[in-house]
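# An overview of the molecular structure
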Amino acid sequence: MQQREEKQLEASVDSLISLVAQVKNALQNFIYKLENEYERLTWPSVLDNFGLLSGQLNTINKMLKNEKTPSFRSQVIIPLLLSQKPDDDLAVLTEQRVPVFSHEIVPDYLRTKPDPEVEEQEKQLSTEAARIGPDAAQKQIQALNKMCSTLLEKLNNPRDDRDAESAASRLNKPSFNLGDTNALVAAVAFGKGLSKCRPPGPMAPGHPGQGSMMSGGPTLQQVTIGGGSGQQAGMGGPVAPQQQGQPGKMPSSIKTNIKSASGSIHPYNR
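Residues numbered from 1 in each chain as written. Predicted model: local features only at pLDDT ≥ 70, side-chain atom pairs only at ≥ 80, totals over all residues. Heavy atoms only, no water.

### Side note on the overall build of the protein
Along its length, the protein carries 8 helices and 2 strands. Secondary structure of the protein in N-to-C order comes out as α-α-α-α-α-α-α-α-β-β. In the protein, which comprises 270 residues, the proportion classed as buried is 11%. Looking at the protein alone, contacts between residues at least 24 apart form 48% of all its contacts between residues at least 6 apart. As displayed, the protein has an accessible area near 23600 Å², and 56% of this comes from carbon and sulfur atoms. (Helix = DSSP H or I, 4+ residues; strand = E, 2+ residues; numbered from the N terminus. Buried < 20%, exposed > 50% of the residue type's maximum accessible area, 1.4 Å probe, protein only. Contact = heavy atoms within 4.5 Å. Areas by Shrake-Rupley, 256 points an atom, 1.4 Å probe, with all protein chains shown as cover.)

The structure is reproduced here in structure tokens:
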């Protein structure tokens, strides 16, 4: 009877080791893809890898819950030898993860309970959970589900809204400004909004009225009409008496004083 239980235990352990090795290989392949093939990795492929891992873990759970599988909880592992020297066989068996079976490693690898700190936190959480009544717990669950549903809706809907808004803006957004277009047409056709100042440069002779347009600068021409014998004009002396009998004509007793513009500073050359 005891020999049969030992053989059954060995077979269960071998099956468990084989299943765990499959899970380990699947994890290694998935991690390799994430690190080296992330540019070509698609979401359906990621879901396939998760599905494979989930199936393998379910297989292990079914094997552990099977009636023919002996209870591993009743088995006790006792370390017979602890040494500070490296063990080559142990390193090969554990794939170089445990090269030495020492006092520092044994408590972590042969532990059957969580760490004391983790165990204390678990007790506190269990105590807090026991204080909450069924009705309060149900209300908290419903509130949490509602918050999760609202968050998922906000995460999913804006994507569709942004796509619709961007498509509508591309279709309806004008490619010109009507006000700028009207202002440009009025400026070209009617000169609206343009400055009336002439560009700097010498004036062409023979065009009357140019002196009045340049009134903002220095005086180019000063004309003084004498109104009497005792009146002086500009920088000149007394003006001759006005000639009579020729209405409509400028009297010949006009003395002009023309200044040269070369000595003054032109306003546009500042």
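### Quick word on a nonpolar patch on the surface
Judged by side-chain polarity, Val76, Ile78, Leu80 and Leu81 come together as a nonpolar surface patch covering roughly 530 Å² of accessible area. Examined against the element boundaries, leucine 81 turns out to sit in the loop between α2 (43-65) and α3 (88-93). Among the residues examined, leucine 81 registers a relative accessible area of 65% and is labelled exposed. (Patch = residues over 30% accessible without salt bridge, like charges linked within 9 Å, V, L, I, M, F, W, Y side chains within 5 Å. Salt bridge = Lys/Arg side-chain N within 4 Å of Asp/Glu carboxyl O.)

### What about unusual backbone geometry?
One non-glycine residue, glutamate 95, adopts positive backbone phi at about 55°. The topology assignment puts glutamate 95 in the loop between α3 and α4 (106-109). Taking the relative accessible area as the measure of exposure, glutamate 95 reaches 44% and is therefore partly exposed. One non-glycine residue, glutamine 96, lies in positive phi territory at about 65°. Tracing the sequence through the fold places glutamine 96 in the loop between α3 and α4.

### Considering the confidence of the model for the protein
In low-pLDDT segments, the atomic positions of the prediction should not be examined closely. Of all residues in the protein, 67% have pLDDT values of 70 or greater, and the mean over the chain is 75. Of all the helices and strands in the protein, strand β1 (residues 221-224) carries the lowest mean pLDDT, 43, while α2 carries the highest, 91. In this model, residues 206-246 is a region of pLDDT below 50 whose contacts with residues beyond four sequence positions or in other chains number 41 contacts. (pLDDT = per-residue confidence, 0-100.)

### As for the pattern of salt bridges
For the structure shown, the criterion picks out 5 salt bridges. In this structure, glutamate 37 engages arginine 40 in a salt bridge whose closest nitrogen and oxygen atoms are separated by 4.0 Å. Overlapping salt bridges, with partners in common, bring together Lys24, Glu95 and Arg97 in one network.

### Brief notes about the side chain of glutamine 56
Its place among the elements puts glutamine 56 in helix α2. Residue glutamine 56 is classed as buried on the basis of its relative accessible area, which comes to 15%. For glutamine 56, the residues in contact, after removing those within four places along its chain, are Gln22, Val23 and Ala26.

### Notes on the packing of aromatic side chains
Under the counting rule described, the total for this entry stands at 1 aromatic pair. Between phenylalanine 30 and phenylalanine 50, the ring centres sit 5.2 Å apart and the planes meet at 75°, which makes this aromatic pair edge-to-face. On the criterion of sequence distance, the pair formed by phenylalanine 30 in helix α1 (residues 2-36) and phenylalanine 50 in helix α2 is long-range, its members being 20 residues apart. Residue phenylalanine 30 is classed as buried on the basis of its relative accessible area of 6%. (Phe/Tyr/Trp six-rings, centres within 6.5 Å; stacked < 30°, edge-to-face > 60°.)

### So, a negative patch on the surface
A cluster of acidic residues, Glu5, Glu6, Glu10 and Asp14, forms a negative patch on the protein surface. Of note, glutamate 10 is situated in helix α1. (Lys, Arg positive; Asp, Glu negative; His and termini not counted. Charge placed at Lys NZ, Arg CZ, Asp CG, Glu CD.)

### Quick notes on α2
Helix length check: α2 (23 residues) gives 33 Å between terminal C-alpha atoms against 33 Å at 1.5 Å per residue, within 8%. Residues of α2 that are buried include every one of Val46, Asn49, Leu53, Gln56, Ile60 and Met63, and no others. Next to the buried residues of α2 lie α1. (Expected span 1.5 Å × (residues − 1).)

### Focus on the side chain of serine 102
Within the element layout of this structure, serine 102 appears in the loop between α3 and α4. Other than its neighbours up to four places away in sequence, serine 102 contacts Leu82, Ser83 and Gln84.

### Some thoughts on α1
Here α1 is 35 residues long and its end C-alpha atoms lie 50 Å apart, about the 51 Å a rise of 1.5 Å per residue gives. Inspection of α1 places Ser12, Leu19, Val23, Ala26 and Phe30 among the buried residues, and these make up the whole buried set. Elements that come into contact with the buried residues of α1 comprise α2.

### Re the packing of α1 against α2
Packed helices, taken two at a time, are described by the angle their axes make and the gap between the axes. Between α1 and α2, the shortest axis-to-axis distance is 10 Å and the interhelical angle comes to 165°. By the angle class used here, α1 and α2 are roughly antiparallel. Handedness of the crossing formed by α1 with α2: left-handed. Contacts between α1 and α2 involve Ser12, Ser15, Leu16, Leu19, Val20, Gln22, Val23, Ala26, Leu27, Phe30 and Lys33 on the former and, on the latter, Val46, Asn49, Phe50, Leu52, Leu53, Gln56, Leu57, Thr59, Ile60, Met63 and Leu64. Split into classes, the residues belonging to the contact of α1 with α2 amount to 15 nonpolar, 6 polar and 1 charged. (Axes fitted to C-alpha atoms, helices over the stretch in contact; angles between N-to-C directions. Parallel < 35°, antiparallel > 145°, perpendicular 65-115°, else oblique. Left-handed = near helix turned anticlockwise from the far one by under 90°. Nonpolar A, V, L, I, M, F, W, Y, C, P; charged D, E, K, R; others polar.)

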